[in-house]
Amino acid sequence: MTLTLPDNRQFSVIFDRSNGAPIEAQQLMPFAYPDDSDHYLLTLRLLTVH
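*Asks:* Please explain the environment of Leu3 as it appears in this structure.
*Replies:* Here Leu3 is to be found in strand E1 (residues 2-4). Judged by its relative accessible area of 31%, Leu3 is partly exposed. Separated by 10 residues in the primary sequence, Leu3 and Val13 place their C-alpha atoms 6.6 Å from one another. With sequence-adjacent residues up to four places away left out, Leu3 is seen in contact with Arg9, Gln10, Phe11, Val13 and Leu46.

*Asks:* How should I be thinking about unusual backbone geometry in this particular structure?
*Replies:* For residues besides glycine, phi is generally negative; the peptide bonds are generally trans as well. Non-glycine residue Asn8 carries a positive phi angle of around 75°. For Asn8, the location among the structural elements is in the loop between E1 and strand E2 (10-15). Residue Asn8 is classed as exposed on the basis of its relative accessible area, which comes to 62%.

*Asks:* Sorry, what's going on with the sheet that holds strand E5 (residues 46-48) here?
*Replies:* Two modes of strand pairing occur in sheets, parallel and antiparallel, and in both the strands are linked by backbone hydrogen bonds. Taken in spatial order, the 3 strands line up as E1-E2-E5 in an open sheet, and their pairing is antiparallel. The outermost strands of the open sheet, each flanked by one partner alone, are E1 and E5. With direction set aside, neighbouring strand axes in the sheet form an average angle of 50°. Here E1 runs beside E2; their pairing, made up of 3 bridges, is antiparallel. Residue Leu3 lies in a different strand from E2, and its bridge partner there is Phe11.

Criteria and thresholds
Residues numbered from 1 in each chain as written. Predicted model: local features only at pLDDT ≥ 70, side-chain atom pairs only at ≥ 80, totals over all residues. Heavy atoms only, no water. Helix = DSSP H or I, 4+ residues; strand = E, 2+ residues; numbered from the N terminus. Buried < 20%, exposed > 50% of the residue type's maximum accessible area, 1.4 Å probe, protein only. Contact = heavy atoms within 4.5 Å. Pairing = 2+ DSSP bridges. Axes fitted to C-alpha atoms, helices over the stretch in contact; angles between N-to-C directions.

And the structure:
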């Protein structure tokens, strides 16, 4: 995949599955019934490839 940063630098990346799930999401404000508009803290584990 191509990762493009806000300063327009681009990197070829793949998901890093070596330490568990490559994607994690956690609610910032935990609600019993989350809505689509609620905010989450997102963790992406990526490796650059050449």
